[in-house]
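For reference, the chains in residue letters:
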Amino acid sequence: MSDDSEVVGENKMEFFTILYLFEPGHEDYQRTADWLLSQTQHRPKVAIICGSGLGMLADALKCQDSFKYSDIPGFPQSTVKGHAGRLVFGELKGKTCVCMQGRFHMYEGHSLSKVTFPVRVFKLLGVETLIVTNAAGSLADSYSCGDIMIIRDHINFPGLAGLNPLNGPNDDKFGPRFPPMSGVYDKSLRKMAFDICKSMGVSQYIQEGVYCMVGGPNFESIAEARLLHKLGVDAVGMSTAPEVLVASHCGMRVFGLSLITNKVVKSYEDNESVNHEAVLEVSKMRSETLQALVTELISRMDINNNTA
Ligand SMILES: O=P(O)(O)O[C@@H]1C[C@H](O)[C@@H](CO)O1
C-alpha cells in the first residue's frame, strides 16, 4: 500500500497525461493542412505572421486565395483588434506565400499549442521559411517610435517559467525532444534585410536587437520595465517567441521584425502611458516601409518554388 505522498504524485501524473490528450496531435495538423491543400492551388514555401496592425503585409500578395479562420477546420479564432483573422495565400514576386492576417496570443486564453497551431500546419504545407512580425515597446534608449528592429535573438519569459508549446510528449515527426535555440534568427536573412534597408534609404530607423516575450495582456509596470532593461532587452511584446520556437523545432528558417510602436515607460517622473490604439496607429505609419522590406526580402530569397 503506497503512502499519501505517492498517491498525490500519481494523481499529478494522471492530471498532466489527461491534459495533453486535449492538445492537437499530428493528425489534427494534417487534417487542417489537407483541407487547405484541397482548397487552394498555392503551395507556399514562405509563411508570414502579421503583428498587431500589420495585416497589410498580405495586401502585396497577387492571385490571392483567402480563408477566414472561422472557416478553416481546427484553426483557432482571433479576438484582438488589429488581427483580422484571415489566412491569405498568394504570389509575391513569383514566390508562393501564405500570410496570417492576425495571430493568436496566450493572453486570449489560447493554449500555446493553439497559439502555434498554424506553424505546424505550414510545415505540413511545405513551408520552409517563417517571417514573424510584431508590434513592440522599446527598452533600448537609442530606439525611437517607428523604428524597425530586426530580431537578433529573443528572451522567452513564459518559456523560462515552464510555459512552452513543446511541453508534453514530443512529436518526433516534427523535431527533436531537446531543440537548440541558439542562432535561430537566420544570420544571412538578417544581413540581407540590412542591405535592402540601405538600398531603400531607410537605414536611419533600422535597429537590430533582442525581443522579449511577456505574457500580457497588461503592459509593463515601471519596475518590470527597468528589470527588462537591465536584462538587455531591446524590445518587449506579447507574442512571437512560441511561434519561432515551434518553427525552429520543425526545421524552418526564421526571420523576425519588431515595429517599435511605443517607448516603454521606465521613469516614475514620466506621465506617458501606452495603449493598444496608439500601438495600431504607429503600425499604420510604417506599413509601406515594412511591406516593401518584406516583399524585397522574399524576392531575394533563395526559394525552390514549386506550384501545384
Ligand atoms: O501580435 P503582436 O505581438 O504584434 O501584438 C502586440 C502585443 C499585444 O498583442 C498588442 C498590444 O498592443 O500588440
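This one's a predicted model, so the numbers in the text were calculated from it and none came from an experiment.

(A) Inspection of unusual backbone geometry at higher detail. Put simply, Gly-216 and Pro-217 share a cis peptide bond, and its omega is 0 degrees. For Pro-217, the location among the structural elements is in the loop between strand 7 (206–213) and helix 7 (222–230). Despite not being glycine, Cys-63 has its phi angle at roughly 55 degrees, a positive value. Here Cys-63 is to be found in strand 2 (residues 62–68). When its relative accessible area of 58% is taken as the criterion, Cys-63 is described as exposed. For Thr-240, which is not glycine, the phi torsion reads 75 degrees and is therefore positive. Within the fold, Thr-240 resides in the loop between strand 8 (235–237) and helix 8 (241–249).

(B) Inspection of the pairing of strand 4 (residues 95–101) at higher detail. Of all seven residues that make up strand 4, seven are buried, and the element is covered over most of its length. Side chains Lys-95, Cys-97, Cys-99 and Gln-101 project from strand 4 onto one buried face, and the interleaved Thr-96, Val-98 and Met-100 project onto a second face that is buried too. In the sheet, strand 1 (residues 46–49) pairs with strand 4 via four bridges, with the strands oriented parallel. Its bridge partner being in strand 4, Ile-49 is matched across the sheet by Met-100. Pairing of strand 3 (residues 86–92) with strand 4 involves seven bridges; the strand directions are antiparallel. Bridge pairing links Phe-89 to Val-98 in strand 4. Joining the antiparallel neighbours strand 3 and strand 4 is a turn of two residues, in which Lys-93 adopts a positive phi near 50 degrees.

(C) Layout of the UniProt feature "domain: Nucleoside phosphorylase" (unreviewed entry) in the protein chain. The sites that UniProt annotates as "domain: Nucleoside phosphorylase" (unreviewed entry) are residues 45–298. Taken end to end, residues 45–298 is 28% helix and 26% strand, and its two terminal C-alpha atoms sit 10 Å from one another.

(D) Just the packing of aromatic side chains, in detail. Summed over all chains, the structure comprises eight aromatic pairs. Their ring planes at 85 degrees and their centres at 5.4 Å tell us that Tyr-29 and Phe-174 sit as a pair that is edge-to-face. On the criterion of sequence distance, the pair formed by Tyr-29 in helix 2 (residues 26–39) and Phe-174 in the loop between helix 5 (157–160) and helix 6 (187–200) is long-range, its members being 145 residues apart. With respect to burial, Tyr-29 and Phe-174 carry one shared label: buried. Between the aromatic rings of Phe-67 and Phe-89, the centroid separation amounts to 5.8 Å while the plane-to-plane angle is 85 degrees, which identifies the pairing as edge-to-face. Here Phe-67 is found in strand 2, whereas its partner Phe-89 is found in strand 3, with 22 residues between them in sequence. Residues Phe-67 and Phe-89 agree in their burial class; the two are buried. Connected via pairs of aromatic rings, a cluster forms that spans Tyr-29, Tyr-69, Phe-75, Phe-104, Phe-117 and Phe-174.

(E) Spotlight on the site of the ligand. Ser-52, His-105, Tyr-107, Ser-239 and His-276 are the nearest of the 13 residues found near the ligand. A distance of 3.5 Å is found between an oxygen atom of the ligand and a side-chain nitrogen or oxygen belonging to His-83. Across the complex, the protein chains shield 96% of the 340 Å² of accessible surface that the ligand would expose by itself. Put simply, the ligand lies in the second largest pocket.

Reading the values: rules and limits
Residues numbered from 1 in each chain as written. Predicted model: local features only at pLDDT ≥ 70, side-chain atom pairs only at ≥ 80, totals over all residues. Heavy atoms only, no water. Helix = DSSP H or I, 4+ residues; strand = E, 2+ residues; numbered from the N terminus. Buried < 20%, exposed > 50% of the residue type's maximum accessible area, 1.4 Å probe, protein only. Pairing = 2+ DSSP bridges. UniProt positions renumbered as here; feature names shortened; annotations may be inferred. Phe/Tyr/Trp six-rings, centres within 6.5 Å; stacked < 30°, edge-to-face > 60°. Near = heavy atom within 4 Å. Polar contact = N/O pair within 3.5 Å; in protein donor to acceptor, adjacent residues only side chain to side chain. Areas by Shrake-Rupley, 256 points an atom, 1.4 Å probe, with all protein chains shown as cover. 1 Å grid on protein atoms, 1.4 Å probe; cavity = no way out; pocket = protein on both sides within 12 Å on 5 of 7 lines; lining within 4 Å. Sits in = over half its atoms within 2 Å of the grid points.

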